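A structural walkthrough
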Amino acid sequence: MNALVFAFAGICLIAVHLLRAPAGGRRVGAVLAFILGLAITATGVRFAVSEAGIGRTTDFDRVVNHAVAEADAANSPLIVFTGASYSRNAIDPERFTKYLRAHGYPHTAINLSLEAASLPEREAHLEDFITRLERPPELVFAEVAEAFDARPAQFFNNSKFSARGIEQFGPRTSAWTLLGLAEGGCSGMADCIKSAGLTGAHFGLNALNIGSVARGEAPSETGELAAYDPQTQPREETAAKDRLNGLRSGPDYVPTVGLKWISSLRAMFENRLERKGVATIGYYFPPVIDGGARAYVDGLCLAELVHTTCISPSDPELLAALEGEVWLDQSHLLASGANIYSDWLADQIIVSGALGAPAGSDFAEDASAP
């Protein structure tokens, strides 16, 4: 690492020497020389870091490491769930896999979720997972949530100027975030300006490679972190009356299409995964107490996402089973609730036909016959 730092320093010195400001105090020339030297240096650092295979590592890299290890050990068809904290607390991949196996399906469930993860961030780490595994999962299910669709800068509510924030706001994520803000994905002018400013600041830090050398390491060597995060004690009191009112509201089957920026991003997400060989791409949303958040996904499943498997948690039997003390807070489940939802979600995916027929069934045998 020290040799790499000295190499970067050498690049900087060469750039400064070659791009010295012109004599005579010409400010425009000096500014242009500084900007050009900075751009050359940043490009050189980015190239060197890329060639060395290091970067700003985050918890998401550790989640990918754990997922790759699980997938390698399983050596079976994969069904991957990628989402934010809703999914991290709601989907127990081990229980999900056991449910599938008990019903004749050989698939292994992989939870690839992390709190506050936007679709671009999830997609980047899903692609890393597929690349390292050297085979695509048979099915990928992506979480959809109004909180992220309506607020492209949602990540800043969770963390600002962290390694994870700087790492994800490269040109692509920054561009999509600004498009979403331009379409009204913020609460008033002040919030729009603040979110746009934070996006620009994070993009600048990313472009200048801040932290990529000082904290840089190979992502595959950072250790492992399980995505599923079972919780047994509530962190927020949920009054029984509010819980029942929320869970018993709806469903509200009004066809809905997300804002243009996120619906376009989802379409590109599907195309990129299809090119990588993923056979089935679907969508889902873990249960929350707020009926409005569930209704948003009801509408997406009827309109924008009607072309694929889309599973909204509007089943009255599921919601009735979650009326007890199974909530971490208003939007996340305790482990006891995750047990209920994992079994329900596995059953819904089986019923949808996305997994095909179970192994050993007459239909499966007929389909495999020449």
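Report follows, based on the coordinates.

Criteria and cut-off values
- Residues numbered from 1 in each chain as written.
- Predicted model: local features only at pLDDT ≥ 70, side-chain atom pairs only at ≥ 80, totals over all residues.
- Heavy atoms only, no water.
- Helix = DSSP H or I, 4+ residues; strand = E, 2+ residues; numbered from the N terminus.
- Buried < 20%, exposed > 50% of the residue type's maximum accessible area, 1.4 Å probe, protein only.
- Contact = heavy atoms within 4.5 Å.
- Areas by Shrake-Rupley, 256 points an atom, 1.4 Å probe, with all protein chains shown as cover.
- Polar contact = N/O pair within 3.5 Å; in protein donor to acceptor, adjacent residues only side chain to side chain.
- 1 Å grid on protein atoms, 1.4 Å probe; cavity = no way out; pocket = protein on both sides within 12 Å on 5 of 7 lines; lining within 4 Å.
- Points joined across faces, edges and corners; volume = space filled by probe spheres on them.
- Nonpolar A, V, L, I, M, F, W, Y, C, P; charged D, E, K, R; others polar.
- Axes fitted to C-alpha atoms, helices over the stretch in contact; angles between N-to-C directions.
- Parallel < 35°, antiparallel > 145°, perpendicular 65-115°, else oblique.

Now for the overall build of the chain. Looking only at helices and strands, the chain has 16 helices and 7 strands in total. Dimensions of the chain, computed from the C-alpha atoms along their principal axes, are close to 80 × 55 × 40 Å. For the chain, the residues scored as buried account for 49% of the 370 residues in total. Look at the contacts in the chain between residues 6 or more apart in sequence, and 84% of them connect residues 24 or more apart. Only carbon and sulfur atoms are counted for the fraction: they give 58% of the accessible area of the chain, which is about 17,300 Å².

Time to look at the side chain of Ser 85. If you trace the backbone, Ser 85 turns up in helix 4 (residues 85-90). A distance of 2.7 Å separates the side chain of Ser 85 from the side chain of His 332, its partner in a polar contact. Discounting residues that sit within four places of it in the chain, Ser 85 has contacts with Leu 114, Glu 115, Ala 116 and His 332.

A separate point is empty space enclosed by the protein. Tallied over the entire structure, the rule returns 1 cavity of 30 Å³ or more. Taken as a whole, the largest cavity encloses approximately 160 Å³ of empty space. With 4 residues, the top contributor of residues to the lining of the largest cavity is helix 12 (residues 260-275). Considering only residue class, the lining of the largest cavity consists of 11 nonpolar, 4 polar and 5 charged.

For any two helices packed against each other, one specifies the crossing angle of their axes together with the interaxial distance. Remark: helix 9 (residues 171-182) packs on helix 12, axes separated minimally by 9 Å, with the N-to-C direction vectors making an angle of 150 degrees. With respect to each other, helix 9 and helix 12 are oriented roughly antiparallel. Note on element contacts: helix 12 touches helix 9 through Trp 261, Ser 264, Leu 265, Met 268 and Arg 272, opposite Arg 172, Trp 176, Leu 179 and Gly 180. For the contact of helix 9 with helix 12, the residue count by class is 5 nonpolar, 2 polar and 2 charged.

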